[in-house]
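Single-letter residue listing:
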Amino acid sequence: MSGNSVINITLAGETDWPGFRKEARALLAKLIAPVGVAWHTPASSTADLFSDLDVSPTSPVTSAHAHGPINLVVPSSFVTLCETVILHNDPARFGLLYRLLWRLVHEPALRNDPLDADRVKAQHMAQSVRRDMHKMKAFVRFRTIEREEGKPPLHVAWFEPDNHIVEAVAPFFMRRFTQMEWAILTPERSVHWNGERLHFGPGGEPRDAPAPDAGEALWLTYYANIFNPARLKMAMMKKEMPVKYWHNLPEAELISGLAADAMARSGHMVEAAPTQPARRIVPVARVAAPTAPTAPHRGVAGAEDVVRGLFMEPIAADNPVQALAILKEATDRCRECPIGKHATQSVFGEGPVHAALMVVGEQPGDQEDLHGRPFVGPAGRLFDQALAQLGWPREQLYVTNAVKHFKFELRGKRRIHQTPTQREAAACLRWLESEIEQVQPRALIALGATAARALLGRPVAVTRERGQWHEDARGRKVLVTLHPSALLRSDPSEHEQAYKAWLDDLALASEWLKHAV
Ligand code: URA
């Protein structure tokens, strides 16, 4: 390279880590110092990233070809750092990373200097990328587009990340919402999951995403109710949920009104006598009068529900008992799928909040639907028998279902259980997730394929994967085993053996509980 010429490297794209790595190795092998390299991406190919360098026009070199292998060993933490920093939106990031790489090779003391300005800058960039990825995972809100007959609904979200993170975050949503078809649009990139593959494409515009739906109205009701005025710390809230995200968050519309009201409401909370949460569903009354199989259609939650939510008694956000009561009520009104319309009521989970172990079944059966309680029918009796043999008091477990309403087909006067479709289970997932968020169990047990799929976000072959601990997308421990109904249906000659194997599976959780306490 002549004294003042510069080598121009154009990478394939903003996140072309393999390309960067290959070029950087080649440049290092040719002993080309960072000051003599200008990095570009197709979008920035006219920008000179080293404008402080006095360069005379050169014939651009688009690639540095290595003359031979170089023996380059860098700490693996540096590779991890590069993989994150490369997602930053600062065009100078490639120059910074190459400079760090060069210095790691030529200045061994750099490894022991965490306060070096280049290292600190790269760490800051990595931190900002990680924060951006975290915010995308937390603040993407899907809205549903119904499509023609036979096609599942499409869930579409609009999000505006600061950095080039769409490809990096997409696998999280794929694992999380495997059974839904979804798309996330951002100004720069879009990603579509069709149930089998992720497809990346060009960016979009906010108007490409759909308008609010009924499910969102329910979510707003829940949000308004768990908002605790006495605990409002606006600065903290803005730190956790920065204002720049608000325009894409449905619940943000509520914040200014709720915040404006907070002083008066928290004063009221201090003065008011203790209150019981208002319950619209009175399970006892339903038990007493289990009449027709179909309950009157109570209608989809709409704007009036949201308004009503705003004026309800203040609910402590850190009071999971009340939050669960509200969720229970919201599930009862949920009509995101057709099952709820025909059920008597929703059957929400029950058990102590903060139970160490949460057990998740498929959906309520006939008896559960009538009583409004999970696992009280034949499958529940087998479950209770297992608990007794394991020495687990049921009142120490939180027991719930992946789907909150009973799906059945009428045969004469009998209501025959029908397995919920993936679409129905996916529609219910937000309620299960909110329940888990409130209870925060240390471990979960998935009884059967529907629960396992809901918890692990992927199809689960229960016979193959049973009796093992798995991890969900958030690192939660999930033990997979059979649903008790599968045992009830098993061949009587195999029943004893099957039951024993089931107990062995479940016993893995008692072991874990013992060590976890
Ligand atoms: N089957 C389930 O999965 N859940 C119940 O609550 C009852 C039967």
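Preceding this section is the structure that the text describes.
Residues numbered from 1 in each chain as written. Predicted model: local features only at pLDDT ≥ 70, side-chain atom pairs only at ≥ 80, totals over all residues. Heavy atoms only, no water.

(A) Examining the overall build of the protein more closely. Along the protein, the regular secondary structure elements total 19 helices and 14 strands. Within the protein, buried positions represent 50% of all 517 residues. The long-range share in the protein, meaning contacts at least 24 apart out of those at least 6 apart in sequence, stands at 73%. Summing over all exposed atoms, the protein offers an accessible surface of approximately 25,400 Å²; the carbon and sulfur share of this is 56%. (Helix = DSSP H or I, 4+ residues; strand = E, 2+ residues; numbered from the N terminus. Buried < 20%, exposed > 50% of the residue type's maximum accessible area, 1.4 Å probe, protein only. Contact = heavy atoms within 4.5 Å. Areas by Shrake-Rupley, 256 points an atom, 1.4 Å probe, with all protein chains shown as cover.)

(B) Representation of the sheet that holds strand β7 (residues 198-202) in the model. Judged by pairing direction, the sheet is mixed, and its 5 strands sit side by side in the order β3-β4-β5-β6-β7 without closing on themselves. The sheet terminates laterally at β3 (143-145) and β7, the two strands that pair on one side only. Each neighbouring strand pair of the sheet contributes to a mean axis angle of 20°, computed without reference to strand direction. Of the pairings in the sheet, the one linking strand β5 (residues 181-185) to strand β6 (residues 189-193) comprises 4 bridges and is antiparallel in character. Note that in β6 the partner of Trp 182 across the bridge is Trp 193. Together, β5, β6 and β7 form the strand contacts of helix α5 (residues 166-176), whose direction differs from that of β7 by roughly 145°. (Pairing = 2+ DSSP bridges. Axes fitted to C-alpha atoms, helices over the stretch in contact; angles between N-to-C directions.)

(C) Broad picture of the side chain of Arg 176. Tracing the chain through its elements places Arg 176 in helix α5. With relative accessibility at 8%, the residue Arg 176 sits in the buried group. Reaching out from Arg 176, the side chain makes a polar contact with the side chain of Glu 433 at a distance of 2.6 Å. (Polar contact = N/O pair within 3.5 Å; in protein donor to acceptor, adjacent residues only side chain to side chain.)

(D) Structural view of the pattern of salt bridges. All told, the structure shown has 24 salt bridges when counted by the stated rule. Glu 424 is the salt-bridge partner of Lys 407, the closest N and O atoms lying 3.0 Å from each other. One end of the pair, Lys 407, is in the loop between β9 (398-401) and β10 (408-411); the other, Glu 424, is in helix α15 (residues 422-439), and 17 residues separate them in sequence. Pair check on accessibility: Lys 407 and Glu 424 agree, each one buried. Through salt bridges with shared partners, a single network forms among Arg 99, Arg 103, Glu 107, Asp 116 and Asp 118. (Salt bridge = Lys/Arg side-chain N within 4 Å of Asp/Glu carboxyl O.)

(E) Broad picture of the side chain of Asp 118. Position of Asp 118 relative to the elements: it lies in helix α4 (residues 117-139). In this structure Asp 118 touches Leu 96, Arg 99, Leu 100 and Arg 103, once residues within four positions along its chain are discounted.

(F) Examining the packing of aromatic side chains more closely. Following the criterion strictly, the structure yields 14 aromatic pairs and no others. Between Tyr 499 and Trp 502, the ring centres sit 6.2 Å apart and the planes meet at 50°, which makes this aromatic pair tilted. Of the two residues, Tyr 499 and Trp 502 both sit in helix α19 (residues 492-516), 3 residues apart, roughly one turn of that helix. On the basis of relative accessible area, Tyr 499 is assigned to the buried category, the value being 9%. The exposure class of Trp 502 is buried, given its relative accessible area of 0%. An aromatic cluster of three or more residues is present, and its members are Trp 17, Phe 20, Trp 39, Phe 94 and Tyr 98. Its guanidinium or amino end placed over the ring of Phe 408, Arg 415 lies 4.9 Å from that ring's centre, counting from NZ or CZ. (Phe/Tyr/Trp six-rings, centres within 6.5 Å; stacked < 30°, edge-to-face > 60°. Lys NZ or Arg CZ within 6 Å of the ring centre and 35° of its normal.)

(G) Examining the site of the ligand more closely. Near the ligand, the surroundings consist of Gly 361, Glu 362, Gln 363, Pro 364, Gly 365, Glu 368, Pro 374, Phe 375, Asn 401 and His 483. Measuring from an oxygen atom of the ligand, one finds a backbone N or O atom of Phe 375 at 2.9 Å. One of the side-chain nitrogen or oxygen atoms of His 483 is found 2.6 Å away from an oxygen atom of the ligand. Within the complex, 94% of the 240 Å² of free accessible area of the ligand lies under protein. (Near = heavy atom within 4 Å.)

(H) Geometry of the pairing of strand β4 (residues 154-158). When you tally the buried positions in β4, you get 5 out of 5 residues, the bulk of the element. The alternating pattern of β4 places Leu 154, Val 156 and Trp 158 on one face and His 155 and Ala 157 on the opposite face, and all of these are buried. With 3 bridges joining them, β3 and β4 adopt antiparallel strand pairing. Of the residues in β4, the one forming a bridge with Arg 143 is Val 156. Pairing between β4 and β5: 5 bridges, direction parallel.

(I) Broad picture of the packing of helix α2 (residues 76-85) against α4. Interhelical geometry of α2 versus α4 gives an angle of 60° and a closest axis separation of 8 Å. Here α2 is positioned oblique relative to α4, judged by the angle of their axes. The way α2 lies across α4 gives a crossing that is left-handed. Contact residues: Leu 81, Thr 84 and Val 85 in α2; Ala 122, Gln 123, Met 125, Ala 126, Val 129 and Arg 130 in α4. The residue makeup of the contact of α2 with α4, split by class, is 6 nonpolar, 2 polar and 1 charged. (Parallel < 35°, antiparallel > 145°, perpendicular 65-115°, else oblique. Left-handed = near helix turned anticlockwise from the far one by under 90°. Nonpolar A, V, L, I, M, F, W, Y, C, P; charged D, E, K, R; others polar.)

(J) Representation of the sheet that holds strand β14 (residues 477-481) in the model. Reading across from one edge, β9-β8-β12-β14-β13 is the order of the 5 strands in this open sheet, with mixed pairing throughout. In the strand order of this sheet, the two ends are held by β9 and β13 (468-471), each with one partner. Each strand of the sheet is rotated relative to its neighbour by a mean of 30°, with strand direction disregarded. With 4 bridges joining them, strand β8 (residues 357-361) and strand β12 (residues 443-447) adopt parallel strand pairing.

(K) Molecular detail of unusual backbone geometry. With phi around 55°, Leu 31 is a residue other than glycine that occupies positive phi space. Within the fold, Leu 31 resides in the loop between α1 (17-29) and β2 (37-40). Unlike most non-glycine residues, Gln 440 shows phi in positive territory, near 50°. Checked against the element boundaries, Gln 440 lands in the loop between α15 and β12. Using a relative accessible area of 56% as the deciding quantity, one classes Gln 440 as exposed.

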